[in-house]
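# Analysis of the macromolecular model
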Amino acid sequence: MKKEGEIEFIKDGKRVDGRRFDELRNIKIEVGVLKRADGSCYFELGDNKVLAAVYGPREMHPRHAQDAKMAVVKFRYNMAPFSVDDRKRPGPDRRSVEISKVSREALDPVILREYYPKAAIEVYVEILQSDAGTRTAGINAASVALADAGVPMRDLVSSVAVGKVGGEIVLDLNAVEDNYGEADMPIAMIARRNTITALQMDGNLTKDEFEKGLKLAMKACQQIYELQRAALIGRYNKDESAKSKDRGT
Ligand code: UDP
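Conventions and cut-offs
Residues numbered from 1 in each chain as written. Predicted model: local features only at pLDDT ≥ 70, side-chain atom pairs only at ≥ 80, totals over all residues. Heavy atoms only, no water. Pairing = 2+ DSSP bridges. Helix = DSSP H or I, 4+ residues; strand = E, 2+ residues; numbered from the N terminus. Axes fitted to C-alpha atoms, helices over the stretch in contact; angles between N-to-C directions. Near = heavy atom within 4 Å. Polar contact = N/O pair within 3.5 Å; in protein donor to acceptor, adjacent residues only side chain to side chain. Areas by Shrake-Rupley, 256 points an atom, 1.4 Å probe, with all protein chains shown as cover. Nonpolar A, V, L, I, M, F, W, Y, C, P; charged D, E, K, R; others polar. Parallel < 35°, antiparallel > 145°, perpendicular 65-115°, else oblique. Left-handed = near helix turned anticlockwise from the far one by under 90°. Contact = heavy atoms within 4.5 Å.

## Observations concerning the sheet that holds strand β6 (residues 72–79)
The strand order across the open sheet formed by five strands is β3-β4-β5-β7-β6, and the pairing between neighbours is mixed. Lying at the two open borders of the sheet, with one neighbouring strand each, are β3 (27–31) and β6. Within the sheet, the average angular offset between the axes of one strand and its neighbour, ignoring direction, is 15 degrees. Two strands pair when backbone bridges link them, and β3 and strand β4 (residues 39–45) are joined in this way by five bridges, in the antiparallel orientation. Within β4, the residue paired with Ile 27 across the bridge is Leu 45.

What follows is the structure, encoded as structure tokens:
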């Protein structure tokens, strides 16, 4: 296994995959990809491939877990056994429980839970292929799937990681950068208000580096937000044009 010092993270001002420091990986978003779920989204972030499905709002079971004042959001992040280099042991583990909790907390502030007392809103995120940043891709996908399900929301949540590799602050770390770099900081935010709804950090950053990273993340979340919005609009425009074709208009 390579150690941090053995990797040339930055060469001629570019990163290991040729990106600039402030460059996102390619993003692809498809809305409404699953028939059974109330809302769904397929999200690609570079080599990450993620599927989100939403059910509800519907009656919460077991009843004793209901909240009389608002809906309960359940979030399950799961990595497929074939999503990583070594087979991932199926089932929940410490990491997936943590990511599920953080992702739920990242989305909670935008969901109008008070509209649905005693209800449950279930969000399932399946990581089909991973290359670091899966929790951010999962939050982005879940946010779009919630909107696709018609869950009333104040806004969308957008998410990206920033970090430090080869002494530089960079955006959207890939697996090599995440595993062998100096710091990794996933952030979720309501892009239009620059309100942070989740922030985690692995490694160390100085105050200046933190602020620089935050700025990069804010800009990138704006870009992601626009793509999420465009994907949602595209889906419903498409439905409308299909309907008008049926009507012969
Ligand atoms: N990873 C892996 N096996 C695991 C967990 C993670 O190979 O059991 C890889 C995977 O590519 C993941 C990356 O390590 O995307 C970084 O994981 P981290 O815990 O930082 O979460 P993420 O960046 O995916 O949100």
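## Quick look at the site of the ligand
Surveying the vicinity of the ligand reveals the residues Met 79, Val 84, Arg 95, Ser 130, Asp 131, Ala 132, Gly 133, Thr 134, Arg 135, Asp 178, Asn 179 and Asp 184. Within the backbone of Ala 132, a nitrogen or oxygen atom sits 2.8 Å from an oxygen atom of the ligand. Residue Thr 134 places a side-chain N or O atom 2.5 Å away from an oxygen atom belonging to the ligand. Out of a free accessible area of 510 Å², the ligand has 73% covered by protein chains. Looking at side-chain class alone, the shell around the ligand contains three nonpolar, four polar and five charged residues.

## Concerning the packing of helix α1 (residues 94–107) against helix α2 (residues 134–148)
Across the interface, α1 lies against α2 with an axial gap of 10 Å and an inter-helix angle of 45 degrees. On the basis of their axis angle, the class for α1 and α2 is oblique. When you trace α1 past α2, the crossing you get is right-handed. Here α1 contributes Arg 95, Glu 98, Ile 99, Ser 103, Ala 106 and Leu 107 to the contact with α2, which in turn contributes Thr 134, Arg 135, Ile 139, Ala 142, Ser 143 and Leu 146. Of the residues that constitute the contact of α1 with α2, the class distribution is six nonpolar, three polar and three charged.

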